Amino acid sequence: MNKQTKLVVFLLAAVALLALPLVAAQFGQGWVRIMALALLYVLLALGLNIVVGYAGLLDLGYVAFYAVGAYMFALLASPHLSENFEWIKAAFPEGLHMPIWLVIPVAALLAGLAGVVLGAPTLKLRGDYLAIVTLGFGEIIRVFMNNLEYPVNITNGPRGISQIDSMKLAGFDFGKSHEVFGLTIPSVAAYYYLFLALVVATVVICTHLANSRIGRAWMAIREDEIAAKAMGLNTRNLKLLAFGMGATFGGVSGSMFAAFQGFVSPESFSLMESVMIVAMVVLGGLGHIPGVILGALLLSALPEVLRYIAGPLQQMTDGRLDAAILRQLLIALAMIVIMLMRPRGLWPQPEHGKAAPTPVSVK
């Protein structure tokens, strides 16, 4: 496509994405909520794509950074700490409600630091061993969030943290409905537009990263770490940078999730969540941004769509099959079929595996 055609396609896609929640709202706000959560998973998948897709580091504990960002936002934008610590209550009698410009950077910084902490002891690990260590790290974070209630109540344990502030930006409260040009924009639609803007910004950042020297170095490590080290690349620092940057995106996504839900608990950051995020990257196409977005949208929306299939199937068996288990079974079967038919993902990188050019005979 030439530049003019690309511009027309982008403009049409932008108009469609902006109008989508207004159209979906006609069928119920639940559909808009599903779309907003799907965009949140796109953010997570793009962050994990830096670690898995670009650097080739299999991270099964990515949900830990998601949890760190969510809990950091929950602690700094809710009355929880003021209710459990007298010295905080004395300074903030109405609760600790920090502004967004402070909470989001702190969540991103803390998640990035957690990524570096995870990456440091795993620099010499590869493949299955790296996956096992990162899996353990993710479970450690979840167990910590589940047990940091006694003797000092920090995370409120399995009960979670509620009364979390909604996202507020320049006086605009995303937790309330607004009138814009005569149209009523509900809270869930406002969050949809916020997540959409973050996805666009993340795509721009990831695209520039992929085309930068750092991105090329990550891909060299992914293809052959020994050869990359022999060519003079500092693989240790590059791996730490990949873990840190990927975790930063996870922390920002977690803070958005906490503000959107208004409640966080350890159950939201289980191993299954981490596996699903990895599956989104692998299913869409490792290292290919459009493929990752496609995989994230499909796997985040598929469980909701399958509700309309699992319910009738459950009725056909007189309730012998649990609908939730049946949905997971259908998702697994769909993923197996797709990976058998498209082993490199639904939308892999065009240049990856491309046939070599016709050799030129030398006389």
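Here the structure is a predicted model, which means the values were calculated and not measured.

Visitor: Is there a simple way to explain the overall build of the chain in this structure?
Guide: Within the chain, the regular secondary structure consists of 15 helices and six strands. Whereas a compact globule of 363 residues would reach a radius of gyration of roughly 21 Å, the chain reaches 22 Å, a difference of no more than 12%. Projected onto the principal axes, the alpha-carbon positions of the chain cover approximately 85 × 50 × 45 Å. Put simply, 71% of the contacts in the chain that link residues at least 6 apart link residues at least 24 apart. Accessible surface for the chain amounts to roughly 19400 Å². Of this, 69% is attributable to carbon and sulfur atoms.

Visitor: It is not clear to me how the environment of Glu83 should be interpreted in this structure. Could you clarify?
Guide: Relative to the helices and strands, Glu83 is located in helix α4 (residues 80-84). For Glu83, a relative accessible area of 56% corresponds to the exposed category. Taking the C-alpha atoms as reference points, Glu83 and Pro312, separated by 229 residues in sequence, lie 47 Å from one another.

Visitor: Help me understand the nonpolar core in this model?
Guide: Generally speaking, a soluble globular protein has its nonpolar side chains buried in company with each other. Core analysis: the largest hydrophobic core is formed by 96 residues, its most contacted members being Phe73, Met167, Phe195 and Val264. Of the residues forming this core, the biggest block, 16 residues, is contributed by helix α2 (residues 29-54).

Visitor: When you look at helix α13 (residues 289-305) in this model, what are you seeing that I'm missing?
Guide: Owing to its 3.6 residues per turn, the α-helix aligns residues three or four sequence positions apart on the same side. The terminal C-alpha atoms of α13, which comprises 17 residues, lie 24 Å apart, in line with the 24 Å expected from a rise of 1.5 Å per residue. What α13 keeps buried is the set Ile289, Gly291, Val292, Gly295, Ala296, Leu299, Ser300 and Pro303.

Visitor: Help me out: how do you make sense of the environment of Ile289 in this one?
Guide: One can find Ile289 in helix α13. Separated by 244 residues in the primary sequence, Ile289 and Ala45 have C-alpha atoms spaced 9.4 Å apart. Apart from the residues within four sequence positions on either side, Ile289 is in contact with Leu46, Tyr54, Val203, Cys206 and Thr207.

Visitor: Honestly, the packing of aromatic side chains in this entry has me stumped. Any pointers?
Guide: Centre-to-centre distance and the angle between the planes together describe a pair of aromatic rings. Within this structure, the stated rule accounts for 12 aromatic pairs. Measuring from ring centre to ring centre gives 5.8 Å for Phe174 and Tyr191, while their planes differ by 40°; the resulting arrangement is tilted. Residue Phe174 is found in the loop between β4 (172-173) and β5 (178-180), and its partner Tyr191 is found in helix α8 (residues 187-211); the two are separated by 17 residues along the sequence. With relative accessibility at 8%, the residue Phe174 sits in the buried group. The structure contains a cluster of three or more aromatic residues connected by ring pairs, namely Phe172, Phe174, Tyr191, Phe195 and Phe260.

Visitor: I tried to follow the packing of α2 against α8 on my own but got confused; where do I start?
Guide: Two numbers describe a pair of packed helices, the interaxial angle and the distance between the axes. At their nearest, the axes of α2 and α8 sit 9 Å apart, and the two run at 20° to each other. Compared by their axis directions, α2 and α8 come out roughly parallel. Remark: the crossing between α2 and α8 carries left-handed chirality. Of α8, the residues touching α2 (which contributes Gln29, Val32, Arg33, Met35, Ala36, Leu39, Leu40, Val42, Leu43, Leu46, Ile50 and Tyr54) are Val188, Ala189, Tyr192, Phe195, Leu196, Leu198, Val199, Thr202, Val203, Cys206, Leu209 and Ala210. Here the residues of the contact of α2 with α8 sort into 21 nonpolar, two polar and one charged.

Visitor: Help me understand the side chain of Ser274 in this model?
Guide: Considering the arrangement of structural elements, one finds Ser274 in helix α12 (residues 271-284). A relative accessible area of 1% places Ser274 in the buried class. In this structure the side chain of Ser274 is engaged in a polar contact, spanning 3.4 Å, whose partner is the backbone nitrogen of Tyr62. Not counting residues up to four positions away in its chain, the partners in contact with Ser274 are Leu60, Gly61, Tyr62 and Val63.

Visitor: Would you mind showing me how to read the pattern of salt bridges here?
Guide: Two side chains of opposite charge can pair, provided their charged atoms sit close to one another. Enumeration over the complete set of coordinates arrives at five salt bridges. Of the charged contacts in the structure, one is a salt bridge between Arg142 and Glu139, with a shortest N-O distance of 3.0 Å. Note that Arg142 and Glu139 are positioned in helix α7 (residues 127-147) at a spacing of three residues, about one turn of the helix. The partly exposed category is assigned to Arg142, whose relative accessible area is 26%. The partner of Arg159 in a salt bridge is Glu149, and the shortest N-O contact between them spans 2.2 Å.

Scoring rules and cut-offs
Starting from 1, residues in each chain are numbered consecutively following that chain's sequence as written. Confidence filtering applies because this is a predicted model: local features only for residues at pLDDT of at least 70, side-chain atom pairs given and counted only at 80 or more, and all residues used for totals across whole chains, interfaces and linings. The side-chain figures draw on all heavy atoms in the structure; neither hydrogens nor water molecules are used. Counting from the N terminus, the helices are the DSSP runs of H or I reaching at least four residues and the strands are the DSSP runs of E reaching at least two. Based on C-alpha atoms, the radius of gyration is set beside the globule rule, defined as 2.2 Å times the residue count to the power 0.38. Throughout, a residue-residue contact means that at least one pair of heavy atoms, one from each residue, lies within 4.5 Å. What sets the accessible areas is the Shrake-Rupley method with a 1.4 Å probe; for residues, cover comes only from the shown protein chains. Each residue's exposure class comes from its accessible area (1.4 Å probe, protein chains only) as a fraction of the maximum for that residue type: buried when under 20%, exposed when over 50%, partly exposed otherwise. To define a nonpolar core, start from buried Ala, Val, Leu, Ile, Met, Phe, Trp, Tyr and Cys residues and group those joined through side-chain atoms within 4.5 Å. To estimate the expected span of a helix, count its residues, drop one, and scale the result by 1.5 Å. We call Phe, Tyr and Trp rings a pair once their centres come within 6.5 Å, taking the six-membered ring for Trp, and we label the pair stacked below 30 degrees between planes, edge-to-face above 60, and tilted otherwise. An axis is simply a line fitted to the C-alpha atoms; with a helix, the fit covers only the stretch in contact. Between two such axes, the angle follows the N-to-C directions and lies from 0 to 180 degrees. Should an angle lie under 35 degrees it is considered roughly parallel, over 145 roughly antiparallel, and from 65 to 115 roughly perpendicular; all remaining angles are considered oblique. Crossing chirality is assigned from the near helix's rotation relative to the far helix, an anticlockwise turn below a right angle marking it left-handed and a clockwise turn marking it right-handed. Residues are grouped as follows: Ala, Val, Leu, Ile, Met, Phe, Trp, Tyr, Cys and Pro are nonpolar; Asp, Glu, Lys and Arg are charged; all remaining types, including Gly, are polar. Pairs of N or O atoms are called polar contacts if they sit within 3.5 Å, as long as, within protein, a hydrogen donor faces a hydrogen acceptor (for residues adjacent in sequence, only side-chain-to-side-chain pairs). When a carboxyl oxygen of Asp or Glu lies within 4 Å of a side-chain nitrogen of Lys or Arg, that pair is called a salt bridge.

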